[in-house]
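Residue-level structural notes
Each chain is listed here by its residues.
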Amino acid sequence: MKKNDITLYISTFPLETEDDFLEKLKETFDVEEACDGKNMAECFAIIYGGIVISKNSIFKRIELEGYFKESDKGIEFEINRFLENPYNCYTFDNGTICFIKNKEKDSRFVDNVGLRFIIK
């Protein structure tokens, strides 16, 4: 999700990537090689799980117990507001998502583990 110069990466289970990251990782067992050409915040989210908030070259990882889903309504995303209470619906430049504690229809699980325990 994007809001101005901020990007939010959400790790899900099962893992979804838009490229051949997992194939590269399976072939080489080399995280650095698999991440080559990929945004480091996105790669960090895939490997360590959770939610990664990226602004320029700085990023912060948080763990959120629960789920997220698309929505029609929300409040404007601001980093401090999100860190104070992530369980809300937030609007971004490319859509609106809600973070919730309990599973609902069409919600997806936030994976806080990622791949960190299955790779060396």
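Our subject is the structure that appears above.
Rules and cut-offs
- Residues numbered from 1 in each chain as written.
- Predicted model: local features only at pLDDT ≥ 70, side-chain atom pairs only at ≥ 80, totals over all residues.
- Heavy atoms only, no water.
- Helix = DSSP H or I, 4+ residues; strand = E, 2+ residues; numbered from the N terminus.
- Buried < 20%, exposed > 50% of the residue type's maximum accessible area, 1.4 Å probe, protein only.
- Contact = heavy atoms within 4.5 Å.
- Polar contact = N/O pair within 3.5 Å; in protein donor to acceptor, adjacent residues only side chain to side chain.
- Core = buried A, V, L, I, M, F, W, Y, C linked by side-chain atoms within 4.5 Å.
- Salt bridge = Lys/Arg side-chain N within 4 Å of Asp/Glu carboxyl O.
- Pairing = 2+ DSSP bridges.

**Quick notes on the environment of Asp 5**
Following the sequence through the fold, Asp 5 ends up in the loop between strand E1 (2-3) and strand E2 (6-10). Residue classification places Asp 5 among the partly exposed positions, given a relative accessible area of 39%. In sequence terms Asp 5 and Asn 56 are 51 residues apart; their C-alpha atoms lie 7.0 Å from each other. Discounting residues that sit within four places of it in the chain, Asp 5 has contacts with Ser 54, Lys 55 and Asn 56.

**Re the side chain of Ser 11**
Relative to the assigned elements, Ser 11 resides in the loop between E2 and helix H1 (21-28). By relative accessible area, Ser 11 is classed as buried at 5%. Reaching out from Ser 11, the side chain makes a polar contact with the backbone oxygen of Ala 45 at a distance of 2.5 Å. Beyond its immediate stretch of four places on either side in the chain, Ser 11 contacts Ala 45, Ile 46, Gly 49, Gly 50, Phe 109, Val 110 and Asp 111.

**A look at the nonpolar core**
One finds Leu 8, Ile 51, Phe 77, Phe 82, Tyr 90, Phe 92 and Phe 99 to be the most contacted residues of the largest nonpolar core, which totals 14 residues. Those elements giving two or more residues to this core turn out to be E2, strand E3 (51-55), strand E7 (89-92) and strand E8 (95-100). By size, the runner-up hydrophobic cluster in this structure holds 8 residues, among which are Phe 21, Ala 34, Cys 35 and Leu 115.

**Examining the pattern of salt bridges**
Think of it this way: side chains of opposite charge can pair up when their charged atoms draw near. Tallied over the full model, the rule gives 5 salt bridges. Glu 63 serves as the salt-bridge partner of Arg 61, at 3.0 Å between the closest nitrogen and oxygen. Under the relative-accessibility criterion, Arg 61 is labelled partly exposed at 23%. One salt bridge in this structure joins Glu 104 and Lys 69, with 2.5 Å as the shortest N-O distance. Of this pair, Glu 104 sits in the loop between E8 and strand E9 (108-109) while Lys 69 sits in strand E5 (residues 67-70), and the two are 35 residues apart along the sequence.

**Points about the pairing of E8**
Taken across its 6 residues, E8 has 5 buried, putting it largely inside the fold. The sheet contact formed by E5 and E8 spans 4 bridges and is antiparallel. Within E8, the residue paired with Lys 69 across the bridge is Cys 98. Where E7 lies against E8, 4 bridges are found, and the strand directions are antiparallel. Along E8, the bridge assignment pairs Cys 89 with Cys 98. Linkage of E7 to E8, two consecutive antiparallel strands, is achieved through a turn of 2 residues.

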